Amino acid sequence: MGMAVDLLDTGTLSRALEEQRERLLPCVHSGFCLPACPTYNRLGDEADSPRGRLHLMRAVVDGRLSPAADAFQRHIDRCLGCRACEPTCPSGVEYGALLELARDVAARSRPPALAARTMLRVFSSRPLRSLFFFAGRVLRGTRIAALGARTLSSRGALGSARLGLAMVASTVPWPKLRTVGRERSGASSGDAAAGAPPPAGSGPGASSAGADAPSRRLRVGLLVGCVQEGLYARVNAATRRVLEANGYEVVGVRGQDCCGALHAHGGELEEARRLARVNVERFEAAGVDRVAVNAAGCGAAMKEYGTWLAGGDMAERAAAFAAGVRDVSELLAEAGPRQGAPVACAVAYDHPCHLLHAQRLEGPPLAVLAAIPGVEVRVVEGADECCGGAGIYGLTHRELGGHIGRDKLRAVMAAGGDALATPNPGCMMQIGAGLRLAGARQGVVHPVELLDESYRRAGYYASPRHGASGSGAS
Ligand code: SF4
Ligand code: SF4
């Protein structure tokens, strides 16, 4: 009888698999996705490959396997959700969407670990989130996080605490950002590529309404995000400045909420949908043309809002919203982006999975770095593989996440350079923690922080509106 109840719960997954029947049919025959899968590569178990996980999903919807079964729970849980399998699939299986549904089914038949559920509760609640990130900033500002990362044992529960503290400590601004390369380039503020920000009406979208229509800059609302606003507010500030310097009008969007990515990945699809509905309403109310996102995981999730809310009363609005979501690098690449002044340094660049695989954006973030004269970009070997962070995977799967993370760390350190640049807070924290624990000297930056510094040196922010104090300390 338990199985009958389980099967009722699999209805949505079953429908999704049914819709993809054409794409799933050749699945057993190809296996092109296997070499791209980090868990299959490390564990060598077919059940930990994309193809194996799709078989498990099919077995559940066919009623041959209970969703509470260890096999289903374990192998679905071990998936990073990195979506490296998607671009390699000749049949176009939308693995990421199926995984979210499978996780939802798995969580309803067996609740996830308390730590994971607690984390999702925190991200659902504005007051709890504020408190959580306030505590993070205190640990960072007092250097308790850095001290704990240096002194705690790497074993057992203390090892998890040590990793968490190292992640928090790694969110400090790169100390050399303001000075790097000045001695190499001989550049000083305002001495290169100097110029005022583009005048209103000359930015992206200005001529899109036709020659006779009044020109108008594209109006952009920025997703401030949870981790971004909590620990990387400086990246949000830099994002606003570089977008405005490229001709966009950036407006505040009141009442926006968490994007829901962590909930969708953690098997709480209903909560993810609730958050999506809030965001669709708030960004609509702000009357924006585009939604800018500077966190790859959040952007990938928001581009899925049409799928999340399909069939409901907000389906059309969600699809329209999703069509307007852009990673900040896409918006900058559409605008050029405008060249800045030299920031002579070398950066190791690593692709976030949710930018490269989920959003299929390889060129735009590199175009952002290319707009900064003097930056030598070294794409990390294996940059297309997950860093092992994957939301809270690094904390919940310390052994496997640690194995994958150590391989990434080796590649980043081999690439060398002054800093690691990667446009996703989860990757910045995961790799940043690894660098810190390894005693490496490389800093960690978001690419827009470097572009922002380049614009500052070019004198683009001379107007009082942008302020003279710069990116701040958060
Ligand atoms: S997911 Fe795609 S690449 Fe992987 S086995 Fe199935 S059809 Fe082949
Ligand atoms: S999402 Fe990543 S870990 Fe999961 S099956 Fe695909 S490649 Fe493997």
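The notes below deal with the structure included here. (Residues numbered from 1 in each chain as written. Chains lettered and ligands numbered in written order. Predicted model: local features only at pLDDT ≥ 70, side-chain atom pairs only at ≥ 80, totals over all residues. Heavy atoms only, no water.)

**Examining the pattern of salt bridges**
Note that side chains of opposite charge can pair when their charged atoms are close. In plain terms, the rule: Salt bridges are counted wherever a side-chain nitrogen of Lys or Arg sits within 4 Å of a carboxyl oxygen of Asp or Glu. Runs of H or I in DSSP of at least four residues are treated as helices and runs of E of at least two as strands, each being numbered from the N terminus. Classification of residues uses two cut-offs on accessible area relative to the type maximum, computed with a 1.4 Å probe and protein chains only: under 20% is buried, over 50% is exposed, and between them is partly exposed.
Applying the stated rule across the entire model yields 27 salt bridges. One salt bridge connects R456 with E453, and the closest N-O pair in it is separated by 3.7 Å. Pair noted here: R456 and E453 are both in helix α27 (residues 447-458), with a separation of 3 residues, about one helical turn. Each member of the pair, R456 as well as E453, is classed as buried.

**Some points on the packing of aromatic side chains**
Where we set the bar: The aromatic pairing rule takes the rings of Phe, Tyr and Trp, using the six-membered ring of Trp, and pairs them if the centres are within 6.5 Å, calling planes under 30 degrees apart stacked, those over 60 edge-to-face and the rest tilted. In this analysis the charged atom, NZ for Lys or CZ for Arg, is taken to sit over a ring once it is within 6 Å of the ring centre and within 35 degrees of the ring normal.
Scanning the entire structure with this criterion turns up 8 aromatic pairs. Ring geometry for F123 and F133: centres 5.8 Å apart, planes at 90°, overall edge-to-face. Of the two residues, F123 sits in helix α9 (residues 114-124) while F133 sits in helix α10 (residues 126-141), which places them 10 residues apart along the sequence. You can call F123 buried: its relative accessible area is 6%. Residue classification places F133 among the buried residues on the basis of a relative accessible area of 6%. What links up through ring pairs into an aromatic cluster is the set F283, Y305, W308 and F321. Across from the ring centre of Y460, 3.7 Å away, lies the NZ or CZ of R338, which sits over that ring.

**Regarding the environment of V60**
Mapped onto the elements, V60 comes out in helix α6 (residues 50-61). Among the residues examined, V60 registers a relative accessible area of 0% and is labelled buried. Through-space distance from the C-alpha of V60 to that of F72 is 8.1 Å; in sequence the pair is 12 residues apart.

**Focus: helix α11 (residues 144-151)**
As a reminder of what qualifies: When we speak of the arc, we mean the arc of directions from the helix axis to the C-beta atoms.
Listed as buried for α11 are A145, A146, G148 and A149. When α11 is viewed along its axis, its buried side chains cluster within an angular range of 165° and face the same direction. Turned more than 90 degrees from where α11 packs its buried face, R150 and T151 sit exposed.

**Description of the packing of α11 against helix α12 (residues 156-169)**
Using the following cut-off: Note on definitions: angles span 0 to 180 degrees between N-to-C directions of axes, and those axes are lines fitted to C-alpha atoms, for helices only across the stretch in contact. If an angle is under 35 degrees, it is roughly parallel; if it is over 145, roughly antiparallel; if it lies from 65 to 115, roughly perpendicular; otherwise it is oblique. Two helices cross in a left-handed way if the nearer one is turned anticlockwise from the farther one by less than a right angle. They cross in a right-handed way if the turn is clockwise. Note on contacts: a residue pair qualifies if any of its non-hydrogen atoms lie within 4.5 Å across the two residues.
Close contact between α11 and α12 brings their axes to 8 Å; oriented N to C, the two are set at 140°. The orientation of α11 relative to α12 falls into the category oblique. Note that α11 runs across α12; the crossing there is left-handed. Every residue of α12 that contacts α11 at A145, A146, G148 and A149 is listed here: R162, L165, A166, V168 and A169.

**What about the side chain of E268?**
Here E268 is to be found in the loop between α16 (261-265) and α17 (269-285). The contact partners of E268, leaving out residues within four places of it in the chain, are D104, R117, L120, R121 and H263.

**Brief notes about the nonpolar core**
Side chains of a nonpolar character, in soluble globular proteins, are inclined to be buried together. The line we're drawing: As used here, the term nonpolar core means buried Ala, Val, Leu, Ile, Met, Phe, Trp, Tyr and Cys residues forming a set that is joined through side-chain atoms within 4.5 Å.
Within the largest apolar cluster, 68 residues are counted, with the highest numbers of intra-cluster contacts made by L243, L332, V347, L450 and L451. With 6 residues, helix α26 (residues 425-437) is the largest single contributor of residues to this core. Among all residues touching L450, those that are not within four sequence positions of it are W174, L177, V343, C345, V347, L369, I372 and V445. Membership of the second largest hydrophobic core comes to 28 residues, among which are C259, F283, C298 and F321.

**Some remarks on the packing of α9 against α10**
The cut-off we apply is this: Following the grouping adopted for this structure description, the nonpolar residues are Ala, Val, Leu, Ile, Met, Phe, Trp, Tyr, Cys and Pro, the charged ones are Asp, Glu, Lys and Arg, and the polar ones are all others, Gly among them.
At their nearest, the axes of α9 and α10 sit 5 Å apart, and the two run at 110° to each other. In this view, α9 runs roughly perpendicular relative to α10, as classed from their interaxial angle. Listed contacts from α10 to M119, R121, V122, F123 and S124 of α9 are R126, L128, R129, F132 and F133. Within the contact of α9 with α10, the residues separate by chemical class into 6 nonpolar, 1 polar and 3 charged.

**Details of the pairing of strand β5 (residues 345-349)**
Counted only if it meets this: Pairing between strands requires that DSSP locate at least two bridges from one strand to the other.
Counted residue by residue, β5 has 5 buried out of 5 residues, so it is predominantly covered. Residues of β5 alternate between two faces, with C345, V347 and Y349 on one and A346 and A348 on the opposite face, all of them buried. With 5 bridges joining them, β5 and strand β6 (residues 375-379) adopt parallel strand pairing. Among the inter-strand pairings, C345 is bridged to a residue of β6, identified as V375. As judged from the 3 bridges shared by β5 and strand β7 (residues 419-421), these two strands associate in the parallel manner. By the bridge assignment for β7, A348 is matched with L420.

**Details of the sheet that holds strand β8 (residues 443-445)**
Each strand in a sheet pairs with its neighbour through backbone hydrogen bonds, running either in the same direction (parallel) or in the opposite one (antiparallel). Strand order in the open sheet formed by 4 strands is β6-β5-β7-β8, and the pairing between neighbours is parallel. The sheet is open, and its two edges are formed by β6 and β8, each paired on a single side. Averaged over all pairs of adjacent strands, the angle between strand axes in this sheet comes to 30°, irrespective of strand direction.

**Side note on the site of ligand 2**
Selection rule: Near, as used in this document, describes a residue that has one of its heavy atoms within 4 Å of the molecule or strand being considered.
By nearness alone, 13 residues border ligand 2, and C37, C79, C82, R83 and C85 come closest of all. Contributing elements (two or more residues each) for the shell around ligand 2: α5 (38-43) and α6. Partitioning the shell around ligand 2 into residue classes produces 9 nonpolar, 2 polar and 2 charged.

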